[in-house]
Amino acid sequence: MAPALPPKLATVSLLSFLALVSCSASRDILQLGSSLAVEAYQSDILRSPDGTFSCGFYSVYDKAFTFSIWYSEAANKTMVWSANRDRPVHSRRSVLTLRKDGNMVLTDYDDTIVWEAGDYLRNVQHAQLLDTGNLVMKNTSGDIVWQSFDSPTDTVLPSQGITAATKLVPTTQSCSPGNYIFRFNDISVLSLIYDVPDVSDIYWPNPDNSVYDNNRSRYNSTRLGSLDSNGVLASSDFADGILLKASDAAAPGTKRRLTLDPDGNLRMYSLDDLDGVWSVSMVAISQPCTIHGLCGQNGICHYSPKPTCSCPPGYVMTNLGNWTEGCMATFNLSCGAHEPVQFVKLPHTDFWGSDQKRLLGISLEACMDICIRDCTCKGFQYQQGTGSCYPKSLLFNGMSCATPRVRAIYLKLPARFNVSDTPIPQSNVLDPAPPTLQCEQMSRGVRYPFPDVQETSDGESKWFYFYSFIVAISIIEVSFIAFAWFFVFRRELGPSEMWAAEEGYKVMTSHFRRYSYKELVKATREFRVELGRGRSGAVYKGVLEDERPVAVKKLKNISRGKEEFQAELSIIGRINHMNLARIWGFCSEGSHRLLVCEVSELAVGSDVHSMLRQLVSVLADKLEGHEESWVCEFVDQELSGQFNYLQARTVIKLAISCLQEDRNKRPTMESVVQTLLSFDEASD
């Protein structure tokens, strides 16, 4: 009989055995036909071979789970990817299954499919969580046929590429997607975008600067970016090899993540292995008030010296627990009431975007009169000296900051309002206490308020923004001198040059200018002069506010949504060809879909369309007959008649069918390819 082990040694052996069993239970592979159950969410998980990442059911709130990937060693189990972020499943009977047909499927308690990887996958052998944090599905050859890296949520990990298809959207604490997007925009610039139903615009890089002033390259078709393990963010549009680096980039082996936070800022985080706490090592935007939509509609962000949200005179906070809902008016200026109004000046304040029109070289009184006569005008932005006037239909992206580039806002209010005692939101880095509502009042269930804030040992806040403003104050004199020089220079510009100089503010950040329907009605004099008409709509002559002649195409039979319409515009914006009309802008308002183009080229296009219709009609008549000699007129003379008449006739017939006015009668690309391939089969 073997001798008994000493008690201490036996205990150590037992613990070692249990640890071994625990480690063997931890797996990185999910075999075909296997599943993970929500009831065992604490143990039924996948873990990467080195233990850095875990994958399984993640509790987001009471009795609600997502199928997610998270950092195992982070104190708060930081989620980096989720399959069903905006549609959690129940805490009972929900299952993630790698089916035998190769599809990975997440089902809820009632067997409803909430998410699936895709039923087009073939020869899938297993799913595996890699050390990079990438959940992959591999086929029998070991090739990756699906990966979570291709569908990120709010985070990019080291070694995870940033491509044209990459799109980060922040995750609020209530698990709903936020109002911001990180992606390559339509001119291939890596951007941060504020996106809500009424407004969509870029706020990083700085929209007031040109692409080149932001050290970016325009129209770079590569659209590739990367975050390496050293904390270096690189992108194909970064000019002159400029990179964004983490403050601890020299520290090897640091675990990192690049996350679009709910407040709209892009931050790089580094993990402290000792306590599992993240620290910010890089931030895209150092002054949070430049983030669009931070204080919601009608709200104004300012520094006192902390970033603070306030409502302008005549407005109150919409939801006391959530600044993203902004401010609402305490009055009603209806269009038919003709109530007397007043304008309250908000110095050094800007509501970026939502301009109804752009007017240059007019007086303040004239700008006021324009806003008074338009019942949809909420106020206007005006800059002394240049006489720049921007009436606004909406008040988004409010910011107060005493810099030369920011103009004054004149807020439209009923004349009966007494605003003499109402505080006007202003930035003041020397003010020890904010006079009004603070951004810290934002609901934690909606967004984390400014995660850059750190607390010192005695509880005093250290604000990175405060130091930024100290630097700003020290250079303000230089800025004003530069501004004075700029103003003198601008006075010598011609009208066309002034228009170009202002374009950085007015042109839509998606490359095209957005026009209101009312603007285009006025520009075309209520669509009076028709230049041409086609299947997709009529083209009208127009003149814009800056006296540019344009052709306005009024599209009809548009059943698709606003997003698809703008997606098509973005594709057109990337095409530059001599035979395509240059598009100045568009209107997508309600059911109206219009394109604003160069008048000469579109008019010529209408003529070409008319001639093409005549040619199609002639060819269709000829195809009805049995005479074949006419075919030679449409075949390259270089062939000297050495061609197959049946093939040539079939190609002409195919071309005519592709040019049918009724798009439903046009052949599919599949049938076109089959017809052309049949020529090769016949010749063989």
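Just so it is clear, the structure is predicted and the values come from calculations on it, not from any experiment. (Residues numbered from 1 in each chain as written. Predicted model: local features only at pLDDT ≥ 70, side-chain atom pairs only at ≥ 80, totals over all residues. Heavy atoms only, no water.)

**Q** Sorry if this is basic, but what is going on with the pairing of strand 38 (residues 537–543) here?
**A** When a strand is regular, its side chains alternate between the sheet's two faces. Within strand 38, five of the seven residues are buried, which leaves the element mostly enclosed by the surrounding structure. Two strands pair when backbone bridges link them, and strand 38 and strand 39 (residues 549–555) are joined in this way by seven bridges, in the antiparallel orientation. Following the sheet pairing, A538 is matched in strand 39 by K554. Between strand 38 and the antiparallel strand that follows it, strand 39, lie five residues; E547 among them carries a positive phi value of about 70°. (Buried < 20%, exposed > 50% of the residue type's maximum accessible area, 1.4 Å probe, protein only. Helix = DSSP H or I, 4+ residues; strand = E, 2+ residues; numbered from the N terminus. Pairing = 2+ DSSP bridges.)

**Q** Would you explain the pattern of salt bridges in this entry?
**A** Charged atoms that come close allow side chains of opposite charge to pair. According to the stated counting rule, one finds 14 salt bridges in the structure shown. With a closest N to O distance of 2.6 Å, R216 and D237 form a salt bridge. Of the two residues, R216 sits in the loop between strand 17 (200–204) and strand 18 (225–227) while D237 sits in the loop between strand 19 (232–235) and strand 20 (244–245), which places them 21 residues apart along the sequence. Residue classification places D237 among the buried residues on the basis of a relative accessible area of 0%. Measuring nitrogen to oxygen at the nearest pair gives 2.8 Å for the salt bridge that ties D261 to R267. R267 sits in the buried class, given a relative accessible area of 0%. Ionic contacts of the salt-bridge type, sharing partners, join the residues E73, K255 and D273 into one network. (Salt bridge = Lys/Arg side-chain N within 4 Å of Asp/Glu carboxyl O.)

**Q** What's the story with the sheet that holds strand 32 (residues 398–400) in this structure? I'm lost.
**A** Backbone-to-backbone hydrogen bonds pair the strands of a sheet. The strands run either parallel or antiparallel. On the basis of which strands lie adjacent, the open sheet formed by four strands has the order 25-24-32-29 and mixed pairing. The open sheet has two edge strands, strand 25 (307–310) and strand 29 (349–351), and neither has a second partner. Direction aside, neighbouring strands of the sheet carry axes that sit 25° apart on average. The pairing of strand 24 (residues 300–303) with strand 32 spans two bridges and is classified as parallel. Within strand 32, the position partnered with C301 by the bridge is M399. (Axes fitted to C-alpha atoms, helices over the stretch in contact; angles between N-to-C directions.)

**Q** Is there a simple way to explain a nonpolar patch on the surface in this structure?
**A** A cluster of nonpolar residues, L612, L615, F634 and L659, forms a patch on the protein surface that exposes about 320 Å² of accessible area. Looking at the secondary structure, you find L612 in helix 8 (residues 599–624). With relative accessibility at 34%, the residue L612 sits in the partly exposed group. (Patch = residues over 30% accessible without salt bridge, like charges linked within 9 Å, V, L, I, M, F, W, Y side chains within 5 Å. Areas by Shrake-Rupley, 256 points an atom, 1.4 Å probe, with all protein chains shown as cover.)

**Q** Sorry, what's going on with helix 9 (residues 645–658) here?
**A** Residues lying three or four places apart along an α-helix face the same way, a consequence of the helix completing one turn every 3.6 residues. Compared with an ideal rise of 1.5 Å per residue, which puts 14 residues at 20 Å, helix 9 spans 20 Å between its outermost C-alpha atoms and is within 8% of the ideal. Those residues of helix 9 that sit buried are A648, R649, I652, L654, I656 and S657. (Expected span 1.5 Å × (residues − 1).)

**Q** What exactly am I supposed to notice about unusual backbone geometry here?
**A** When glycine is set aside, most residues are seen to have a negative phi, and most peptide bonds are trans. Geometrically, the link from W204 to P205 is a cis peptide bond, its omega value of 5° lying close to zero. Note on placement: P205 falls in the loop between strand 17 and strand 18. Here the phi dihedral of F527 falls at roughly 55°; this positive angle occurs in a residue that is not glycine.

**Q** Just checking my understanding: could you explain the nonpolar core for this structure?
**A** A general tendency of soluble globular proteins is for nonpolar side chains to be buried together. Within the largest apolar cluster, 49 residues are counted, with the highest numbers of intra-cluster contacts made by F182, L192, Y203, L258 and Y315. Non-local contacts of F182, meaning those with residues more than four positions away in its chain, are made with I162, T166, K167, L168, L190, S191, L192, W204, L260 and L266. (Core = buried A, V, L, I, M, F, W, Y, C linked by side-chain atoms within 4.5 Å. Contact = heavy atoms within 4.5 Å.)

**Q** Help me out: how do you make sense of helix 2 (residues 364–373) in this one?
**A** Those residues of helix 2 that fall on the buried side of the exposure criterion are L364, C367, I370 and C371. Down the axis of helix 2, the buried side of the element spans an arc of 120°, and every buried residue falls inside it. Seen from the buried face of helix 2, the exposed residues on the opposite side, beyond 90 degrees, are E365 and R373. (Arc of directions from axis to C-beta.)

**Q** Just to check I follow, could you spell out the environment of P152 for this structure?
**A** Here P152 lies in the loop between strand 13 (144–147) and strand 14 (155–156). Taking the C-alpha atoms as reference points, P152 and A83, 69 residues apart in sequence, are found 9.0 Å from one another. Those residues in contact with P152 that lie beyond four places of it in its chain are W81, Q160, T166, K167 and L168.

**Q** Any chance you could explain the state of the cysteines here in plain terms?
**A** Disulfides are covalent bonds that link the sulfur atoms of two cysteine residues. Inspection of every chain in the model, using the stated rule, returns five disulfides. Put simply, C371 and C377 are joined by a disulfide, and their sulfur atoms are 2.1 Å apart. Note on the C371 and C377 pair: the S-S dihedral is about -95°, so by sign convention the disulfide is left-handed. For the pair shown, C371 and C377 are each scored as buried. (Disulfide = S-S within 2.5 Å.)

**Q** What exactly am I supposed to notice about the packing of aromatic side chains here?
**A** Geometry of an aromatic ring pair is reported as the spacing of the ring centres plus the angle between the planes. This model, assessed by the stated rule, comprises 18 aromatic pairs. When the centroid spacing of 5.5 Å and the interplanar angle of 40° are considered together, the rings of Y180 and Y194 count as tilted. Of the two residues, Y180 sits in strand 15 (residues 180–184) while Y194 sits in strand 16 (residues 190–195), which places them 14 residues apart along the sequence. Like Y194, Y180 is buried. On the numbers, 5.6 Å between centres and 80° between planes, the contact of Y315 with F331 is edge-to-face. Highlighted residues: Y315 in strand 26 (residues 315–317) and F331 in the loop between strand 27 (327–329) and strand 28 (341–346), separated in sequence by 16 residues. As far as burial versus exposure is concerned, Y315 and F331 are alike and both buried. Taken together, the ring pairs in this structure connect F57, F67, W81, W115 and W146 into an aromatic cluster. Here the basic side chain of R257 rests over the ring of W278, its NZ or CZ set 4.5 Å away from the ring centre. Seen from the ring of F527, K554 lies directly overhead, with NZ or CZ sitting 4.1 Å from the centre. (Phe/Tyr/Trp six-rings, centres within 6.5 Å; stacked < 30°, edge-to-face > 60°. Lys NZ or Arg CZ within 6 Å of the ring centre and 35° of its normal.)

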